[in-house]
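Chain by chain, the residues:
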Amino acid sequence: MLCKFTSVEMITAHREGTAPKEVDHKGPKVKEGMQYGEYVNNQASSAPTPLSSTSDDEEEEEEDEEAGVDSSSTTSSASPMPNSYDALEGGSYPDMLSSSASSPAPDPAPEADPVPAPAPAAPQPSKTAKPFGYGYPSLQPGYQNATAPLNSGVPPSGPVYSGLQQYAQQYPGMNQLSSSLGGLSLQSSTQPESLRPVNLTQERNILPMTPVWAPVPNLNLDLKKLNCSPDSFRCTLTNIPQTQALLNKAKLPLGLLLHPFRDLTQLPVITSNTIVRCRSCRTYINPFVSFIDQRRWKCNLCYRVNDVPEEFMYNPLTRSYGEPHKRPEVQNSTVEFIASSDYMLRPPQPAVYLFVLDVSHNAVEAGYLTILCQSLLENLDKLPGDSRTRIGFMTFDSTIHFYNLQEGLSQPQMLIVSDIDDVFLPTPDSLLVNLYESKELIKDLLNALPNMFINTRETHSALGPALQAAFKLMSPTGGRVSVFQTQLPSLGAGLLQSREDPNQRSSTKVVQHLGPATDFYKKLALDCSGQQTAVDLFLLSSQYSDLASLACMSKYSAGCIYYYPSFHCTHNPSQAEKLQKDLKRYLTRKIGFEAVMRIRCTKGLSMHTFHGNFFVRSTDLLSLANINPDAGFAVQLSIEESLTDTSLVCFQTALLYTSSKGERRIRVHTLCLPVVSSLADVYAGVDVQAAICLLANMAVDRSISSSLSDARDALVNAVVDSLSAYGSTVSNLQHSGLIAPTSLKLFPLYVLALLKQKAFRTGTSTRLDDRVYAMCQIKCQPLVHLMKMIHPNLYRIDRLTDEGAIHVNDRVVPQPPLQKLSAEKLTREGAFLMDCGSVFYIWIGKGCDNNFIEDVLGYPNFASIPQKMTHLPELDTLSSERARSFITWLRDNRPLSPILHVVKDESPAKTEFFQHLIEDRTEAAFSYYEFLLHVQQQICK
């Protein structure tokens, strides 16, 4: 017996007769009985290789006729049970049975799923080397320097948004637009502000004093109102070039940034037997389709003319008949459908939560169990779910401990499995129990767990076998596995060795071991994804734990990664508080199960690389065992066919998921952008923040597939190439400085910020796990949070006033101006707040006014402020109220609770604060001005 147990009966399980029954559950990905090697080889031999090895197709996309969604554009038909999610959500451009078409427009030519043409300079990765979809794309310095070959596709029939004239007023929408609207040259009218040339080397204060908002696409007013919110869906270019050649000239990245499941206060939810979709490409009807007449609509992605189903003629909002263009689906670019049984492979799964907890000596010493168990006890009734919700617990050190919580027991039973080489489930039917039926036993266990292992001397960690057991336990249903780990796994499958050399942390040349040491965690994650199980990792470590390897569990199963370096509940109270707050959000936020997400785009465009935590199941279908409101994604695009025949392009993302209440739902976002033919217009429409976030994702992949120095060079080249292209082809002005259009004026600053970010910096001591975690964050954070990581916001807060303040929930929130990230903006007489996303710093100058220090910090003067201060006291002063109101407002809606550090001028802690002043020179990196001169020098070569 390892230690004494209170109120938990302990039983050692033996293998004889206790092996779990095999559950015949068909998952959408990994075929039963197939060995890992066979699976890799099958993938390698059966699928074409897309660019950047991002989507090794499992099999050919099945047609909608096999998917249980018939060709009548409704979901109410009887149909055979679909056999994969790929078919279920409907493919892009499947072969159509033209004999069944009733549309007057000719069918588009049969076309395979869009697979982009490879870039000439990009070597094709071998299938065997990278068998799974989450590949590492090339990041060419100039992106694609040659025009992608055009497919010999059939152009759309007739004018793109033509409609019968007599319906132009009755059915407002895209068909009202002249064919030239989207391609309207911005140069023909007054030059927009976004094209105003800026001499970067002469303009010192380049950063605006207010937050940078997403640019608004150059559309007519009606379409602007209908367009998707940039918080959910935005593109790096709000003016889409007509051809790949034009895009190549601009030397700018083209891609989408998605936040598809974010919390929304107003979301139209549609319950209908009829979900209207294009018969050809399966696009959901949206505000940007055109109605030819009352009975026919033209798809805005493939231009197919479809019939309007009879049921769709009735508008439930107006309770009128014959107004399909006024339906909520056609009035809102973000909608959610309650799906019918046709969108299910099986009855919707219940919410299932499994907690897998490290209880080795290291874990017990850190003290996280107390915080976790307390958080669970407080939020048990707030876990998303319904009467079917199930929950289970496992603990592990050198052995694995299961807990029987079956209703009727007088106390929880602990079952120990010591055979970690061949893990089995001791009682497979009683380890995941109904939350409400077994609530008292669950509470007993949570109260007992923090003290159960308090005297343990067990230092080993059998994480791999514990995860194998968790996979077996979750496979029949799917759900969420929450893993808490505090050290390197040291026993059994998936054991890891330390790979970090502390002496190399400041290297300016080679940073090694950014990729995983073993494929064990990736393979297991893909098995989990196949059984609709996501793994979330909480790494609470005081030493190197090889996050590069462990992160694969979450990356490929659509899980999340939480990282708490130097965690200790008493020695590091700010981390303990952060864990507590993060857990509250984690346990209670919305969750979607057994999800798939497909992104569609107008014919002629194609997707070729995806970024985020998921598994790519086919060229445009992402498998997401779980989806949460804090998950962000990115996708790179290319232009495969000329867009000269259209003035507008659209993108649509459809997220099909099971809610925690057991409803099958589809959340759809649609984005509309104009097409332009001139280079000036392309530059005028740059969304610089979206571009920098896409580049950051590309640079992470480049760091892992090639090297960190290659990624850094590619980021610098991105600035050099784009400003050089602008200067040589658009700007006719002769200047001695570095000229950029206003739309790109922040591009060099943001790239410099990336180069100094933990993920990519060199020459500064950076722990390997810290660097890898920063890379993980880049790959899965939504844009709004990622930008704060890349370029923090700095505010002066010792002079807050109500001038320009906003009102939020009866609270007055000051809005101080943004300051540039330079020490020259800091004054010894001031106090400054820096918002870095997951951490806040308040820097107090040595000569700061004693009134501010007393009114806000609660201390009489500068000298009396403690060195480690992580809270602002609630003081009954106007200054305190303003400061706390502002900080609370900044904290709202964060996926991760920021830690607050009060930093005194001249204290040792200020080093970390000053590292974020990215406009200043450091020993290892350029100042902003030096960086501009370097870019200018590269352009002049």
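Structural data are supplied above this passage.
Residues numbered from 1 in each chain as written. Predicted model: local features only at pLDDT ≥ 70, side-chain atom pairs only at ≥ 80, totals over all residues. Heavy atoms only, no water.

*Asks:* Explain the overall build of the protein to me, using residue names and the numbers behind them.
*Replies:* Counting its secondary structure elements, the protein contains 23 helices and 35 strands. When contacts within the protein are restricted to residue pairs at least 6 apart in sequence, those whose partners lie at least 24 apart make up 78%. Here the protein has roughly 35000 Å² of accessible surface; of this, 50% comes from carbon and sulfur atoms. (Helix = DSSP H or I, 4+ residues; strand = E, 2+ residues; numbered from the N terminus. Contact = heavy atoms within 4.5 Å. Areas by Shrake-Rupley, 256 points an atom, 1.4 Å probe, with all protein chains shown as cover.)

*Asks:* Break down the nonpolar core for me, citing the residues and quoting the values.
*Replies:* Soluble globular proteins: nonpolar side chains tend toward being buried together. Counting residues in each nonpolar core, the largest one holds 216 residues, and the members touching the most others are Leu256, Tyr368, Ile391, Phe393, Met394, Phe651 and Tyr683. The greatest single-element share of this core, amounting to 11 residues, is contributed by helix H15 (residues 688-705). Once residues lying within four places of it in the same chain are set aside, the contact partners of phenylalanine 393 are Leu354, Phe355, Leu376, His401, Phe402, Tyr403, Leu405, Leu431, Ile442, Leu445 and Leu446. The next biggest cluster of nonpolar side chains, apart from the first, holds 26 residues, and it includes Ile797, Leu818, Ile842 and Ile887. (Core = buried A, V, L, I, M, F, W, Y, C linked by side-chain atoms within 4.5 Å. Buried < 20%, exposed > 50% of the residue type's maximum accessible area, 1.4 Å probe, protein only.)

*Asks:* Account for the packing of helix H17 (residues 747-755) against helix H23 (residues 928-940), naming residues and giving values.
*Replies:* One can describe the packing of H17 onto H23 by two numbers: an axis separation of 10 Å at closest approach and a directional angle of 110°. For the element pair H17 / H23, the angle class is roughly perpendicular. When H17 is examined against H23, the residues Pro748, Leu749, Val751, Leu752 and Leu755 are found in contact with a partner set consisting of Tyr928, Phe931 and Leu932. Considered class by class, the residues forming the contact of H17 with H23 number 8 nonpolar, no polar and no charged. (Axes fitted to C-alpha atoms, helices over the stretch in contact; angles between N-to-C directions. Parallel < 35°, antiparallel > 145°, perpendicular 65-115°, else oblique. Nonpolar A, V, L, I, M, F, W, Y, C, P; charged D, E, K, R; others polar.)

*Asks:* How would you summarise helix H13 (residues 573-588) if you had to cite specific residues and measurements?
*Replies:* For H13, with 16 residues, the first-to-last C-alpha span of 23 Å sits near the 22 Å given by 1.5 Å per residue. Of all the positions in H13, only Ser574, Gln575, Ala576, Lys578, Leu579, Asp582, Leu583, Tyr586 and Leu587 are classed as buried. Residues of H13 that are buried make contact with strand S13 (352-358), helix H7 (368-379), strand S18 (479-485), strand S19 (533-541), strand S20 (561-565) and strand S35 (899-904). (Expected span 1.5 Å × (residues − 1).)

*Asks:* A description of unusual backbone geometry should follow, citing residues and the corresponding values.
*Replies:* Even without being glycine, lysine 251 reaches a positive phi, approximately 55°. Residue position: lysine 251 is located in the loop between helix H4 (244-250) and strand S5 (255-258). Even without being a glycine, aspartate 810 presents a positive backbone phi close to 65°.

*Asks:* Can you break down the packing of H7 against H13 residue by residue, with the values?
*Replies:* Relative orientation of the contacting elements H7 and H13 amounts to 35°, with a least axis distance of 10 Å. The interaxial crossing formed by H7 with H13 has right-handed handedness. Two secondary-structure elements touch here, H7 through Tyr368, Ile371, Leu372, Ser375, Leu376 and Asn379 and H13 through Ala576, Leu579, Gln580, Leu583, Lys584, Leu587 and Thr588. For the contact of H7 with H13, the class distribution of residues is 8 nonpolar, 4 polar and 1 charged. (Left-handed = near helix turned anticlockwise from the far one by under 90°.)

*Asks:* Which residues make up the pairing of S20, and what values go with them?
*Replies:* Judged by how many residues are buried, S20 sits mostly within the fold: 5 of 5 residues are covered. Where burial is concerned, the two faces of S20 agree: the one with Ile561, Tyr563 and Pro565 and the one with Tyr562 and Tyr564 are both buried. Here S19 runs beside S20; their pairing, made up of 5 bridges, is parallel. Residue leucine 537 lies in a different strand from S20, and its bridge partner there is isoleucine 561. (Pairing = 2+ DSSP bridges.)

*Asks:* An account of the packing of aromatic side chains is needed here, citing residue identities and associated values.
*Replies:* Within the structure shown, the criterion is met by 21 aromatic pairs. Between tyrosine 564 and phenylalanine 567, the ring centres sit 6.4 Å apart and the planes meet at 75°, which makes this aromatic pair edge-to-face. Through a chain of ring-to-ring contacts, the aromatic side chains of Tyr368, Phe484, Phe538, Tyr562 and Tyr586 assemble into a single cluster. Between arginine 277 and the ring centre of tyrosine 284, over which it is positioned, the NZ or CZ distance is 4.2 Å. (Phe/Tyr/Trp six-rings, centres within 6.5 Å; stacked < 30°, edge-to-face > 60°. Lys NZ or Arg CZ within 6 Å of the ring centre and 35° of its normal.)

*Asks:* I'd like to hear about the side chain of arginine 277, residue by residue, with values.
*Replies:* Note that arginine 277 resides in the loop between strand S6 (269-271) and strand S7 (290-293). Within polar-contact distance, the side chain of arginine 277 engages the side chain of tyrosine 343 at 3.0 Å. (Polar contact = N/O pair within 3.5 Å; in protein donor to acceptor, adjacent residues only side chain to side chain.)

*Asks:* So, the sheet that holds S5: which residues are in play, and what are the values?
*Replies:* Spatially, the 4 strands line up as an open sheet ordered S3-S5-S25-S22, and their pairing is antiparallel. On the outer flanks of this sheet lie strand S3 (233-235) and strand S22 (605-611), each paired with one strand and no other. Each adjacent strand pair in this sheet contributes to an overall mean axis angle of 25°, direction not counted. Across 6 bridges, the pairing between S22 and strand S25 (residues 633-639) is antiparallel. Bridged to threonine 609 within S25 is glutamine 636.

*Asks:* Tell me about the pattern of salt bridges, and name the residues and values.
*Replies:* One pass over the full model with this rule turns up 34 salt bridges. Among the salt bridges present, the one from arginine 796 reaches aspartate 798, with a minimum N-O distance of 2.7 Å. Residue classification places arginine 796 among the buried positions, given a relative accessible area of 17%. One salt bridge connects arginine 894 with aspartate 835, and the closest N-O pair in it is separated by 2.7 Å. (Salt bridge = Lys/Arg side-chain N within 4 Å of Asp/Glu carboxyl O.)

*Asks:* Which residues make up the environment of arginine 388, and what values go with them?
*Replies:* Residue position: arginine 388 is located in the loop between H7 and strand S14 (390-396). Expressed as a C-alpha distance, the spacing of arginine 388 and leucine 435, which sit 47 residues apart in the sequence, is 7.8 Å. Aside from chain neighbours lying at most four places away, what touches arginine 388 is Pro348, Gln349, Pro350, Ala351, Asn434, Lys661 and Gly662. Looking at arginine 388, its side chain comes within polar contact range of the main-chain oxygen of glutamine 349, at 3.2 Å.

*Asks:* Can you explain the environment of isoleucine 400? Please cite residues and give values.
*Replies:* Mapping isoleucine 400 onto the fold places it in strand S15 (residues 400-404). Along the chain, isoleucine 400 and valine 359 lie 41 residues apart, while their C-alpha atoms are 9.9 Å from each other.

*Asks:* An account of H17 is requested, with residue identities and associated values reported.
*Replies:* Of all 9 residues making up H17, 9 are buried, and the element is well covered by its neighbours. At its buried positions, H17 is contacted by H15, helix H16 (708-729), helix H19 (783-790) and H23.

*Asks:* Before we move on, can you summarise the sheet that holds strand S9 (residues 305-307) with the specific residues and values?
*Replies:* Reading across from one edge, S7-S8-S9 is the order of the 3 strands in this open sheet, with antiparallel pairing throughout. Of all the strands in the sheet, just S7 and S9 have a single pairing partner and so form its edges. The average angle at which neighbouring strand axes cross in this sheet is 35°, direction not considered. As defined by bridge partners, strand S8 (residues 296-298) adjoins S9 across 3 bridges and the pair is classed as antiparallel. Residue tryptophan 297 lies in a different strand from S9, and its bridge partner there is asparagine 306.

*Asks:* Explain the environment of asparagine 379 to me, and be specific about the residues and the numbers.
*Replies:* Relative to the assigned elements, asparagine 379 resides in helix H7. Residue asparagine 379 is classed as buried on the basis of its relative accessible area, which comes to 4%. Sequence-distant contacts of asparagine 379, defined by excluding residues within four places in its chain, comprise Lys584, Leu587 and Thr588.

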